[in-house]
Amino acid sequence: MRAEKFCLNCRELIKGRSDKKFCGDHCRSNYNYNQTGADDLNFVRNVNRTLRRNRNILKALNKKGRTKVPKKSLSDRGFNFCYHTNILETAQRNRYYFCYEMGYLTLDDHEVLLISRELMSAK
Ligand SMILES: [Zn+2]
C-alpha cells in the first residue's frame, strides 16, 4: 500500500514516485523562493509598518507644521523612537529625526519639538 502524498507548494495530490515532494519543477522553485524570502520580507514589512505608524503619529500631533508636545504623547500613541528614515543636523548641532516628511527634535526628557520637512527647509 502506498501513502498518498501532496505537493508542499500547491497541496495537489502527487502522482508517480512516492519520494517526490512537489508535483513539478514550477512548484519546487516557487516553494523554495517563498521559503528563503519570507523572513526578510516580513522584516521589511514590519519596519515599513513601524515607520508609517510613527509618521502618522507625528502628523496627527503636528497640524500646524511646528509645535511642542510632551514626549509622552508620542509614546502613549505607540511611537517607536528606534525607527526613523533620516536625520537632519543643523549648524547648531540639533539633531532632527524624521519619519518621511515629519520630524521631531528632543528638547529634554519630557518635551519634543515637532516639525514638518516643509518648515524645516524654509528656515
Ligand atoms: Zn504543486
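Everything below is about the structure printed above this text.
Rules used in this analysis
- Residues numbered from 1 in each chain as written.
- Predicted model: local features only at pLDDT ≥ 70, side-chain atom pairs only at ≥ 80, totals over all residues.
- Heavy atoms only, no water.
- Donors = N, O, S within 2.8 Å, 3.2 Å for Na, K, Ca; no water.
- Tetrahedral: all angles 85-135°; square planar, octahedral: opposite > 155°, others 65-115°.
- Helix = DSSP H or I, 4+ residues; strand = E, 2+ residues; numbered from the N terminus.
- Buried < 20%, exposed > 50% of the residue type's maximum accessible area, 1.4 Å probe, protein only.
- Core = buried A, V, L, I, M, F, W, Y, C linked by side-chain atoms within 4.5 Å.
- Contact = heavy atoms within 4.5 Å.

Visitor: Give me the lowdown on the coordination of the zinc ion, citing residues and values where you can.
Guide: Around the zinc ion, the protein contributes the donor atoms C7 (SG), C10 (SG), C23 (SG) and C27 (SG), at 2.3 Å from the metal centre. Coordination at the zinc ion is tetrahedral, judged from the 4 donor atoms that bind it and the angles of 103 to 119 degrees they form at the metal. Positions of the donor residues of the zinc ion along the chain correspond to the pattern C-x2-C-x12-C-x3-C. One end of the pair, C7, is in the segment before α1 (25-61); the other, C23, is in the segment before α1, and 16 residues separate them in sequence. With relative accessibility at 39%, the residue C23 sits in the partly exposed group.

Visitor: Which residues make up the nonpolar core, and what values go with them?
Guide: One finds I57, L58, L61, V69, L74, F79, C99, M102, Y104, V112 and L114 forming the largest nonpolar core, which totals 11 residues. At the level of elements, α1, β4 (102-106) and β5 (111-116) are the ones that each hand at least two residues to this core. With 3 residues, α1 is the single largest residue contributor to this core. Those residues in contact with I57, other than ones at most four positions away along the chain, are L74, R77, G78 and F79. Residues Y96, F98, L113 and M120 belong to the second largest nonpolar core, which totals 6 residues.

Visitor: Tell me about unusual backbone geometry, and please be specific about residues and values.
Guide: Of note in the backbone geometry, R93 takes a positive phi value of approximately 65 degrees without being a glycine. Note on placement: R93 falls in the loop between β2 (86-89) and β3 (95-99). Assessed through its relative accessible area of 65%, R93 is described here as exposed. Of note, Y100 is a non-glycine position whose phi angle comes to about 60 degrees, a positive value. Turning to its location among the elements, Y100 is positioned in the loop between β3 and β4. You can call Y100 partly exposed: its relative accessible area is 37%.

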